[in-house]
Amino acid sequence: MDFTFTEEQQAAAEAARGVFAGVAPDAVPSPSLVPGAVAEDFDRALWARLAEADLLSLLLDAEYGGAGLDAVALCLVLRESAKGLARVPLLETCAAAAVIQAYGGAESRSALLARAGRGEVVLTVAANGRTGHDPAELAVSARQDGADWILDGVQTAVPWAHNADFVLVPARTAADRTLLAVVPRVHDGVVLGEQISTTGERLGELRLESARIAARDVVEADGAWEWLRELLATGTCALALGLGERVLGMTSEYAGKREQFGHPIATFQAVAVQAADRYIDLRAMEATLWQAAWRIASGAPGALPASGDVAVAKVWASEGVRRVVQTAQHLHGGFGADVEYPLHRYHAWAKHLELSLGPAAAHEEALGDLLAAHPLG
């Protein structure tokens, strides 16, 4: 198994490190200190820098001004973004643009892709269903009316919904097919409710009440939603890995300086063992992440469909990032809960990532179903 990255992928990661180097995790108020959202909008200045560095167009083909890279390159960039808790819809916009490029019609590609790559259009995805626990594709129904589609239903916890220009919404037809509708944020029959994440960021409850969407703005190709969901889940694993690596680094630095009984606590066996266990978690998160990203990028066959590798990666990401931040809080003691110190922010973001697109238990169940349907050996 070769985890060597290509020169282009390494260049994307290096560019990301440069852009995210100046991002401060405490640039907005602590979610512990404000009753509502920590900010009304995402970091537009950072968004502009990402566009200038061509990091919003990574997955787009050259005809749309992109670099034509793959899911591995995107995950490398996302990993860097999470280290500073970058407040941008990078995963959602890149994934949405990628699925439109791969499965969408010529009109949608022409209208959206180049603009999304330049940062002029912001895209997001409704991927959490009605409650956050049910399949997203079952939360909205779609029926055809002439050349248009009529959408009804509710999607919860849509990230960056109040600031995105378009939301990609999976919807189910009476024929039990899943479509992807490109829904404008401001549109007849579209209502956005206010929700707040554990991170303090604004989420949207998206209500569709007989929203009419033109056929040109609906992706009907088989497999489009499944591919998008897998890319989003894998990107979430990359965010969890970057966050976990930063938190373990903070913990190691603190444990090396904090003294008890005249010695740094890092020299105590109990502390060292806990830190070592979390390092193992991170390496497992990393290995399963690159396996999933490679399956999505290459389309290579395996004993299980690519969704199996994605499920394994999300199980490790959800459980691993939770253990990393919990150990960090424990080893920091009361200092970890100090609102003047950024660790509590990482804890809040970790909880959001742990549950995004399903907790570990949901992906373990999905993996069990895949194993039952595809016996190994």
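Everything that follows concerns the structure shown earlier in this document.
Parameters at a glance
Residues numbered from 1 in each chain as written. Predicted model: local features only at pLDDT ≥ 70, side-chain atom pairs only at ≥ 80, totals over all residues. Heavy atoms only, no water. 1 Å grid on protein atoms, 1.4 Å probe; cavity = no way out; pocket = protein on both sides within 12 Å on 5 of 7 lines; lining within 4 Å. Points joined across faces, edges and corners; volume = space filled by probe spheres on them. Nonpolar A, V, L, I, M, F, W, Y, C, P; charged D, E, K, R; others polar. Helix = DSSP H or I, 4+ residues; strand = E, 2+ residues; numbered from the N terminus. Expected span 1.5 Å × (residues − 1). Polar contact = N/O pair within 3.5 Å; in protein donor to acceptor, adjacent residues only side chain to side chain.

### Comments concerning empty space enclosed by the protein
In step 1: For the structure on display, the rule yields 2 cavities of 30 Å³ or more.
In step 2: In this model, the largest cavity occupies a volume close to 70 Å³.
In step 3: In terms of lining, the largest cavity is formed by Pro25, Val28, Pro29, Pro31, Val38, Leu85, Arg87, Thr199, Glu201, Arg345 and Trp349.
In step 4: For the lining of the largest cavity, the class distribution of residues is 7 nonpolar, 1 polar and 3 charged.
In step 5: Of the voids in this model, the second largest cavity is the one considered here, and its volume is about 30 Å³.
In step 6: Taken together, Val247, Leu248, Thr251, Ala275, Arg278, Val324, Thr327, Ala328 and Leu331 form the lining of the second largest cavity.

### Notes on helix 7 (residues 269–298)
In step 1: When the terminal C-alpha atoms of helix 7 are compared, their 43 Å separation across 30 residues agrees well with the 44 Å that a helix rising 1.5 Å per residue should span.
In step 2: Two residues or fewer past helix 7, glycine 299 is found with a positive phi of approximately 70 degrees.

### With respect to the environment of glutamine 10
In step 1: With respect to the element layout, glutamine 10 can be found in helix 1 (residues 7–20).
In step 2: Residues glutamine 10 and threonine 199, spaced 189 residues apart in sequence, show a C-alpha to C-alpha distance of 30 Å.
In step 3: A distance of 2.8 Å separates the side chain of glutamine 10 from the backbone oxygen of phenylalanine 5, its partner in a polar contact.

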